Amino acid sequence: MARRSSVTKLDPRLREAVDGLIRDGRATLDEIIEHLAQINGGESPVSRSALGRYAQQATAQMERYREAQEVAKVWVSKLESEPDGDVGRLLPEMLRSVAFQTLGSLSERDAAADAEEVMLLAKAMKDLASADKLTAERILRVRQEVLKEAASNVETAARSLGMGEDQVKFWRAQVLKVGA
């Protein structure tokens, strides 16, 4: 198993400074080292090579997040155009799978999860819950519409057979499962 990066072992305030500068993307490695030295009282607590490896990993991870966001935008636009289609049913399951894979990878590695990873995972879990709720609401609406249509058909059929108003209400209530 690989050793933990010296950057991940830094004091949280130093690590946050490194993460912020890397995320910002405007500082060079030497500028980050200089900034760490200023915060730390004159000497940088990490080597340039360790910072370079950490920055490469962080940049690659941010790129994967950006790519995932782009893919998600495509799926969401497809979902908006066909909410009841295959994509609408498949998307929550895909999100659930990705979230659980991410949880697994966070627990397998030695380094602690950073705040951004936890935040993104929490957002994904929240979005999953929202998707499940929307799916349940959509299914309920469809069922209610089908019941209303069936009740209307029963009412029409009962009237065409010459049944009285009480009998029509009775059969309509049987279909809708509500009191007469």
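The paragraphs below set out a description of the structure included in this document.

Parameters and conventions
Residues numbered from 1 in each chain as written. Predicted model: local features only at pLDDT ≥ 70, side-chain atom pairs only at ≥ 80, totals over all residues. Heavy atoms only, no water. Helix = DSSP H or I, 4+ residues; strand = E, 2+ residues; numbered from the N terminus. Buried < 20%, exposed > 50% of the residue type's maximum accessible area, 1.4 Å probe, protein only. Contact = heavy atoms within 4.5 Å. Areas by Shrake-Rupley, 256 points an atom, 1.4 Å probe, with all protein chains shown as cover. Phe/Tyr/Trp six-rings, centres within 6.5 Å; stacked < 30°, edge-to-face > 60°. Patch = residues over 30% accessible without salt bridge, like charges linked within 9 Å, V, L, I, M, F, W, Y side chains within 5 Å. Salt bridge = Lys/Arg side-chain N within 4 Å of Asp/Glu carboxyl O. Lys, Arg positive; Asp, Glu negative; His and termini not counted. Charge placed at Lys NZ, Arg CZ, Asp CG, Glu CD. Arc of directions from axis to C-beta. Core = buried A, V, L, I, M, F, W, Y, C linked by side-chain atoms within 4.5 Å.

1. Section: the overall build of the protein chain
Inference 1: For the protein chain, the count of helices and strands is 6 helices and 0 strands.
Inference 2: Along the protein chain, from the amino end to the carboxyl end, the secondary structure elements read α-α-α-α-α-α.
Inference 3: Counting the 180 residues in the protein chain, one finds 22% classified as buried.
Inference 4: If you take every contact in the protein chain between residues at least 6 apart in sequence, the share linking residues at least 24 apart comes to 48%.
Inference 5: When the accessible surface of the protein chain is summed, it comes to about 12,700 Å², and 56% of that surface belongs to carbon and sulfur atoms.

2. Some points on the packing of aromatic side chains
Inference 1: Here the structure, examined in full by the defined rule, presents 1 aromatic pair.
Inference 2: An angle of 80° between the planes, with centres 5.0 Å apart, marks the rings of Phe 170 and Trp 171 as edge-to-face.
Inference 3: The class of Phe 170 is partly exposed, set by a relative accessible area of 39%.

3. Thoughts on a nonpolar patch on the surface
Inference 1: A cluster of nonpolar residues, Phe 100, Leu 103 and Met 125, forms a patch on the protein surface that exposes about 270 Å² of accessible area.
Inference 2: Mapping Leu 103 onto the fold places it in helix 4 (residues 86-108).

4. Describing a positive patch on the surface
Inference 1: A grouping of Arg 3, Arg 4, Lys 9 and Arg 53 is seen on the molecular surface, where their side chains present a positively charged patch.
Inference 2: If you trace the backbone, Lys 9 turns up in the segment before helix 1 (12-24).

5. A short note on helix 2 (residues 29-39)
Inference 1: Among the residues making up helix 2, those that are buried are Ile 32, Ile 33, Leu 36 and Ala 37. Down the axis, helix 2 shows its buried residues gathered within 140° of arc, on one side only. Away from its buried face by more than 90 degrees, helix 2 exposes Glu 34 and Gln 38.
Inference 2: Two residues or fewer after helix 2 comes Gly 41, characterised by a positive phi angle close to 90°.

6. Let's talk about the nonpolar core
In globular proteins that are soluble, nonpolar side chains generally tend to be buried together.
Inference 1: Core analysis: the largest hydrophobic core is formed by 14 residues, its most contacted members being Val 7, Val 18, Ile 22, Val 46 and Leu 51.
Inference 2: Taken together, the elements giving at least two residues each to this core come down to helix 1, helix 2 and helix 3 (48-81).
Inference 3: Among the elements that line this core, the one with the most residues is helix 3, at 5 residues.
Inference 4: The contacts of Ile 22, once residues within four sequence positions are left out, are Ile 32, Tyr 54, Ala 55, Ala 58, Thr 59 and Met 62.

7. With respect to the pattern of salt bridges
Inference 1: Within the structure shown, the criterion is met by 10 salt bridges.
Inference 2: For the salt bridge of Asp 30 with Arg 48, the shortest nitrogen-to-oxygen distance reads 2.7 Å. Of the two residues, Asp 30 sits in helix 2 while Arg 48 sits in helix 3, which places them 18 residues apart along the sequence.
Inference 3: Exposure remark for Arg 48: the relative accessible area of 46% places this residue in the partly exposed category.
Inference 4: A salt bridge links Glu 70 to Lys 73, with the nearest nitrogen and oxygen atoms 3.5 Å apart. In this pair, Glu 70 and Lys 73 both sit in helix 3, 3 residues apart, roughly one turn of the helix.
Inference 5: Judged by its relative accessible area of 46%, Glu 70 falls in the partly exposed class.
Inference 6: Ionic contacts of the salt-bridge type, sharing partners, join the residues Glu 155, Arg 159, Glu 165 and Arg 172 into one network.

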